[in-house]
Amino acid sequence: MTDFHLGLLVVGVLAVAGVLFYNRLQERRVRRAAERAFRSGHADALLDEPRREPTLGLPPRPEAHADGAIPDPKVDYVMVLSAPKGIPAPLPREHWAPIALRFARRALLGPVEDGKVRVALQLVSRDGVASEAELLEFRAAAETLAARIGASIAAPEMRAALEAARELDRICAEADIQVALHVVGIAPPAGIEASAFRVEPRDDGVTLSLDVGRTADPGRAYQGMARAAVQLAASGGGRVVDDNGATLDERALAAIGAQLEAIRAMLAERGVEPGSPLALRVFS
């Protein structure tokens, strides 16, 4: 093969990988927009039911929650309460309970340190950015809490906090990608050792998928997933394909891995390293 034809082949492989990523990204954006548009204050018997998907050799993914999380101004609106005689440690439950009940997992209570305590509202998650009305309500509740315990309160400017949250949400939406590799034409295996990616049977084989934002070192995890997919295909006489059924060869798989590293770097630059406790809160 001439260098010219080899170059055309590489360009074609990269183009296919780029289209794959673009399609996945658009699907995620559309889904997020739909979830926001149809979300209401009432529970939906179907949409709110936890997903119970079959896996092979992989325990269910743990849900991220705010319990024990430390308020972080990168993703939270953080207010500091302080009192002349110090804040009681721990803060009496009856003072915090109404806020925790109203805002659930988006409300965070930090530890008492040097007689001060930080309370926060998580502004950015997969649900999008908290509304201005919600932030106003939280701030009022925190001010009421401060008055009850005789504390003063310091808080950042709300408009600037919301603008920063919207910018971070835009970055996270671009990085909120799940990569799926389908191995078709094989019998579903009895079990696969996997820790960083999900494994799900399908009628004609198996699907391996990776939630980028929730995975530590997603590039390395993807490499392991791609190797497993290739090995399964080789041992069972099958093929590795994308969501559209197009075959993914080694060059296409490598191109996807390179793009995952770019996504990791983009999140890390914002202080949200994939797989970190902060990322698990944001991508929840």
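Residues numbered from 1 in each chain as written. Predicted model: local features only at pLDDT ≥ 70, side-chain atom pairs only at ≥ 80, totals over all residues. Heavy atoms only, no water.

Quick word on helix α2 (residues 93-103)
Worth spelling out the cut-off: Burial classes follow relative accessibility: with a 1.4 Å probe on protein chains only, a residue under 20% of its type's maximum area counts as buried, one over 50% as exposed, and anything between as partly exposed. Numbering of helices and strands runs from the N terminus, with a helix taken as a DSSP run of H or I at least four residues long and a strand as a DSSP run of E at least two residues long. The arc refers to the directions leading from the helix axis to the C-beta atoms. Residue contacts are defined here by distance: any two heavy atoms, one from each residue, within 4.5 Å place the two residues in contact.
Restricting attention to buried positions, one finds in α2 the residues His95, Trp96, Ile99 and Phe103. Here the buried residues of α2 occupy an arc of 70° about the axis, which is enough to place them on one side. Seen from the buried face of α2, the exposed residues on the opposite side, beyond 90 degrees, are Arg93, Glu94 and Leu101. Where the residues of α2 are buried, they touch β2 (107-109), β3 (116-122) and α3 (132-148). Two residues or fewer past α2, alanine 104 is found with a positive phi of approximately 50°.

Focus on the nonpolar core
Where we set the bar: Nonpolar cores are built from buried Ala, Val, Leu, Ile, Met, Phe, Trp, Tyr and Cys residues. Side-chain atoms within 4.5 Å join them into one set.
Grouped together as the largest cluster of nonpolar side chains are 66 residues, with contacts concentrated most on Leu81, Leu123, Leu181, Val183, Leu208 and Tyr222. When near neighbours in sequence (up to four residues on either side) are disregarded, tyrosine 222 contacts Val179, Leu181, Leu210, Leu253, Ile256, Gly257 and Leu260.

Quick notes on the sheet that holds strand β10 (residues 239-241)
Basically, it comes down to this: Strand pairing is assigned whenever DSSP identifies at least 2 bridges connecting the two strands. Working convention: axes come from line fits to C-alpha atoms, limited for helices to the stretch in contact. Angles between N-to-C directions cover 0 to 180 degrees.
Strands sit in the order β8-β9-β7-β10 across an open sheet of four strands; the sheet is antiparallel. Here the strands that pair on one side only, and so sit at the sheet edges, are β8 (198-202) and β10. Strand-to-strand twist across the sheet, computed as the mean angle between neighbouring axes with direction ignored, equals 25°. Pairing of β8 with strand β9 (residues 205-211) involves five bridges; the strand directions are antiparallel. Looking at β9, one finds that valine 199 is bridged to leucine 208. Docked against the sheet, helix α5 (residues 218-236) engages β7 (178-184), β9 and β10, running at close to 175° with respect to β9.

So, the environment of alanine 120
Assignment of secondary structure puts alanine 120 in strand β3. Look at alanine 120 and you get buried, because its relative accessible area is 0%. On a C-alpha basis, the gap between alanine 120 and arginine 139 in space is 9.0 Å, while along the polypeptide they are 19 residues apart. If near-sequence neighbours (up to four positions away) are discounted, alanine 120 is found in contact with Pro71, Asp76, Tyr77, Val78, Arg106, Ala107, Leu108 and Phe138.

Observations concerning helix α6 (residues 250-269)
In plain terms, the rule: Expected span of a helix: the number of residues minus one, times 1.5 Å. For the purposes of these results, a polar contact is taken to be a pair of N or O atoms within 3.5 Å, where, inside protein, one atom must be able to donate a hydrogen and its partner to accept one; residues adjacent in sequence count only when each atom of the pair is a side-chain atom.
Compared with an ideal rise of 1.5 Å per residue, which puts 20 residues at 28 Å, α6 spans 29 Å between its outermost C-alpha atoms and is within 8% of the ideal. If you check which residues of α6 are buried, you get Ala252, Leu253, Ala255, Ile256, Gly257, Leu260, Ile263, Arg264 and Leu267. Capping the start of α6, aspartate 249 holds a side-chain oxygen 3.2 Å from the backbone nitrogen of arginine 251, two or three residues further along. One or two residues past the end of α6 sits glycine 271, with phi positive at roughly 80°.

No statement about biological role is implied by the geometric values presented.
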